[in-house]
Amino acid sequence: MEQLIIHGGAGSLEGKLAEAQKMHDSLCHIWEESFVLLQKGSAEEVVRHAIRLLEDDPVFNAGTGSKLQFDGQVRMSSALMDGNNNRFSGVINVQNIRNPIEAAALLSREKHTILSGEQATAFCHKHGMPEYDPVTPERFEEYEKRCAGKHGTVGAVALDKEGCIFAGTSTGGIGCEIPGRVSDSPTVAGTYASTKAGVSCTGIGEQITQQAAAAKVVTRVDDGMTLHDAVARTMRESNKFNYLYGLISLDSAGQVEVGKTAALNEVFYAFHDGEMIRTFFT
Ligand code: GLY
């Protein structure tokens with residue numbers, strides 16, 4: 001059974017009904033448009049498609065609308081993981097491109113696994129990705145006020161008809177961070193998949209990295225734990241440190257789990273439960 005789950009970050013939209021509605025509508029639209037592709041296409045195509053749409057929507061902090069680092073520069077990171085072939089690829093702090101997830105996809109065809117900084121940007125341009133300015137007026141205003149902003153990372157995990165699982169994540173970071181800071185998203189802590197499960201994380205990257213969250217959940221499922229138990233146990237462990245993050249995940253049977261630590265208000269997700277699209281808003 002094909003399955004797709006996407007997220008548009010984590011945090012709190014309490015008391016902000018209009019914003020919550022906007023994010024809900026966008027997630028539903030992107031989920032529907034991407035799921036149509038999954039009827040014929042591969043998990044890779046669908047994860048890339050969904051993340052491109054999320055990156056292009058300025059409401060989310062990835063691609064267009066990414067947060068600015070302390071020096072006023074946007075540096076974006078992304079990763080893609082092919083669960084069946086155990087193939088991870090990620091780019092760290094890439095600049096001036098529209099869709100960082102496509103940079104990770106480009107790299108997945110190369111010898112190396114992770115590329116960073118200026119060289120990652122040069123790699124993208126060399127492979128035909130045009131120059132693009134992802135800064136939006138809203139993010140620039142947040143930066144000028146030295147305000148980290150509200151919304152986070154985006155991600156998608158898909159299971160296709162062939163039983164292949166792909167996970168992907170893309171982020172503009174946490175905002176006003178030390179230039180060059182590396183988030184969890186382009187590492188196996190934030191994005192991971194196997195033949196049995198896939199995970200994409202969102203929240204405070206340092207904490208996700210310290211918990212090796214995505215890789216830990218997937219490894220637990222590989223070792224025989226149910227996805228539900230693997231996510232619950234990982235969240236319990238993170239709660240001991242009062243960490244603030246969440247994740248979306250699915251397994252090879254198409255079961256979906258959204259996890260969050262106790263300190264986190266909400267993960268902004270969307271998936272179909274067989275009857276209707278479920279989101280953080282329903
Ligand atoms: N989880 C995204 C970040 O911390 O940058």
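Here the structure is a predicted model, which means the values were calculated and not measured.

Undergrad: Looking at this structure, I do not really get the site of the ligand. What am I missing?
TA: Near the ligand, the surroundings consist of Thr 153, Thr 171, Gly 173, Ile 174, Arg 181, Ser 183, Asp 184, Ser 185, Gly 203, Ile 204 and Gly 205. Within the side chain of Asp 184, a nitrogen or oxygen atom sits 2.7 Å from a nitrogen atom of the ligand. A distance of 2.9 Å is found between an oxygen atom of the ligand and a backbone nitrogen or oxygen belonging to Gly 205. If the ligand stood free it would expose 190 Å²; the protein chains cover 99% of that surface.

Undergrad: Whenever I open this one, the side chain of Ser 249 confuses me. Can you help?
TA: Within the secondary structure, Ser 249 is located in strand β9 (residues 245-251). Excluding residues that lie within four positions of it along the chain, Ser 249 makes contacts with Ile 5, Gly 198, Val 199, Leu 227, Val 231, Gln 255, Val 256 and Glu 257.

Undergrad: Help me understand the pairing of strand β5 (residues 154-159) in this model?
TA: Moving residue by residue along a regular strand, the side chains alternate between the two faces of the sheet. Buried residues dominate β5, accounting for 6 of its 6 residues. Residues Val 154, Ala 156 and Ala 158 line one face of β5 and the alternating positions Gly 155, Val 157 and Leu 159 line the opposite face, and both faces are buried. Bridge count for strand β1 (residues 3-11) against β5 is 5 bridges, and the pairing is antiparallel. Within β5, the position partnered with His 7 by the bridge is Gly 155. Relative to strand β6 (residues 165-171), β5 runs antiparallel, the two sharing 6 bridges. If you follow Ala 158 over to β6, its bridge partner there is Phe 166. Two successive antiparallel strands, β5 and β6, enclose a turn made up of 5 residues, where Gly 163 displays a positive phi of approximately 85°.

Undergrad: It is not clear to me how the sheet that holds β5 should be interpreted in this structure. Could you clarify?
TA: Two modes of strand pairing occur in sheets, parallel and antiparallel, and in both the strands are linked by backbone hydrogen bonds. Pairing is mixed in the open sheet, where 8 strands are placed in the order β4-β3-β2-β6-β5-β1-β11-β12. In the strand order of this sheet, the two ends are held by β4 (114-116) and β12 (277-279), each with one partner. Put simply, the sheet's adjacent strands are angled 10° from each other on average, direction ignored. The strands touched by helix α1 (residues 17-38) within the sheet are β1, β5, β11 (266-272) and β12, with β1 carrying the most contacts at an inclination of about 155°. Across the sheet, helix α3 (residues 100-107) touches β2 (76-82), β3 (87-94), β4 and β6, and the angle it forms with β3 is around 135°.

Undergrad: Explanation requested: the packing of aromatic side chains in the structure shown.
TA: Two numbers describe a pair of aromatic rings. These are the distance of the centres and the angle of the planes. Inspection of the entire model under this criterion finds 6 aromatic pairs. Seen in terms of ring centroids, Trp 31 and Phe 35 are 4.6 Å apart; in terms of plane orientation they differ by 10°. Their pairing is stacked. Here Phe 35 and Trp 31 lie together in helix α1, a separation of 4 residues that amounts to about one turn. Every member of this aromatic cluster is reached through a ring pair, and the members are Phe 268, Phe 280 and Phe 281.

Undergrad: Help me out: how do you make sense of helix α7 (residues 213-222) in this one?
TA: For an α-helix the count is 3.6 residues per turn, leaving residues at separations of three or four pointing the same way. Burial analysis of α7 places 7 of its 10 residues in the buried class, the great majority of the element. Among the residues making up α7, those that are buried are Ala 213, Ala 214, Ala 215, Val 217, Val 218, Arg 220 and Val 221. Just downstream of α7 lies Gly 224, where phi reads positive at about 115°.

Quick notes on the rules
- Residues numbered from 1 in each chain as written.
- Predicted model: local features only at pLDDT ≥ 70, side-chain atom pairs only at ≥ 80, totals over all residues.
- Heavy atoms only, no water.
- Near = heavy atom within 4 Å.
- Polar contact = N/O pair within 3.5 Å; in protein donor to acceptor, adjacent residues only side chain to side chain.
- Areas by Shrake-Rupley, 256 points an atom, 1.4 Å probe, with all protein chains shown as cover.
- Helix = DSSP H or I, 4+ residues; strand = E, 2+ residues; numbered from the N terminus.
- Contact = heavy atoms within 4.5 Å.
- Buried < 20%, exposed > 50% of the residue type's maximum accessible area, 1.4 Å probe, protein only.
- Pairing = 2+ DSSP bridges.
- Axes fitted to C-alpha atoms, helices over the stretch in contact; angles between N-to-C directions.
- Phe/Tyr/Trp six-rings, centres within 6.5 Å; stacked < 30°, edge-to-face > 60°.

Purely spatial values, then, with no claim about function.
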